[in-house]
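Here is how the chains run, residue by residue.
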Amino acid sequence: QVQLLESGGGSVQSGGSLRLSCVSSEYTYDKYCMGWFRQLPGKEREAVAAIDSDGSTSYAESVKGRFTISQEYAKNTMYLQMDELNPEDTAMYYCAAESGVGCDIRMRGDYWGQGTQVTVSP
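S.K.: Break down the overall build of the protein chain for me, citing the residues and quoting the values.
M.R.: Scanning the protein chain from terminus to terminus reveals 0 helices and 11 strands. Its C-alpha atoms put the protein chain at 40 × 25 × 25 Å along the principal axes. Counting the 122 residues in the protein chain, one finds 45% classified as buried. A separation of at least 24 residues holds for 60% of the contacts in the protein chain among residues at least 6 apart in sequence. Carbon and sulfur atoms make up 47% of the accessible area of the protein chain, which amounts to about 6200 Å² in all. One finds the centroid of the 10 positive side-chain charges in the protein chain at a distance of 2 Å from the centroid of its 16 negative side-chain charges.

S.K.: Outline the nonpolar core, listing residues and values.
M.R.: Ranked by internal contacts, the top residues of the largest apolar core, which has 27 residues, are Met34, Trp36, Ile69, Met78, Leu80, Met82 and Tyr93. Those elements that place two or more of their residues in this core are β3 (18-24), β4 (33-39), β5 (46-51), β7 (67-72), β8 (77-82), β9 (91-98) and β11 (116-121). For this core, the leading source of residues is β9, giving 4 residues. With sequence-adjacent residues up to four places away left out, Tyr93 is seen in contact with Glu6, Leu20, Phe37, Arg38, Phe67, Leu80, Met82, Gly115, Thr116 and Val118. Membership of the second largest hydrophobic core comes to 8 residues, among which are Ala47, Ala50, Ala96 and Cys103.

S.K.: I'd like a rundown of the environment of Val120, residues and numbers included.
M.R.: Summarising the element assignment, Val120 is placed in strand β11. In sequence terms Val120 and Ala60 are 60 residues apart; their C-alpha atoms lie 19 Å from each other. Setting aside residues up to four positions removed in sequence, Val120 forms contacts with Val12, Gln13, Ser14, Leu85, Asn86, Pro87, Asp89 and Thr90.

S.K.: Lay out the pattern of salt bridges in plain terms, naming residues and giving numbers.
M.R.: A complete count under the given rule lists 9 salt bridges for this structure. Of the charged contacts in the structure, one is a salt bridge between Arg38 and Glu46, with a shortest N-O distance of 3.2 Å. Classification of Arg38 by relative accessible area gives buried; the value is 5%. Here the residues in one salt-bridge network are Arg38, Glu46, Arg66 and Asp89, joined through shared partners.

The rules behind these values
Residues numbered from 1 in each chain as written. Predicted model: local features only at pLDDT ≥ 70, side-chain atom pairs only at ≥ 80, totals over all residues. Heavy atoms only, no water. Helix = DSSP H or I, 4+ residues; strand = E, 2+ residues; numbered from the N terminus. Buried < 20%, exposed > 50% of the residue type's maximum accessible area, 1.4 Å probe, protein only. Contact = heavy atoms within 4.5 Å. Areas by Shrake-Rupley, 256 points an atom, 1.4 Å probe, with all protein chains shown as cover. Lys, Arg positive; Asp, Glu negative; His and termini not counted. Charge placed at Lys NZ, Arg CZ, Asp CG, Glu CD. Core = buried A, V, L, I, M, F, W, Y, C linked by side-chain atoms within 4.5 Å. Salt bridge = Lys/Arg side-chain N within 4 Å of Asp/Glu carboxyl O.

Written out as structure tokens, the structure reads:
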């Protein structure tokens, strides 16, 4: 079973940037749909970005234009570049992998990292 490990979370001022990283224990190209989820306190976990092996990306409307998902397959690493952060982005962020057909923002997530906290202050 694939293992995922996130890093890069922390505290930042409103308008600032962070880059999250997710290292996979397996080579993910053509095997998994990869993505990032976040969970606000008291809310259900929601997908914010997904990336397919063909390079196609999709985003939740709330982060579109501010977040960028990418993969560096040679390093088994996925990234989430987060710019123009605001307090509403404060959440626990999770790396996710999914097997099967299809890969977009509707992904459900089959495998999860432990989560990394992102806190944005006003």
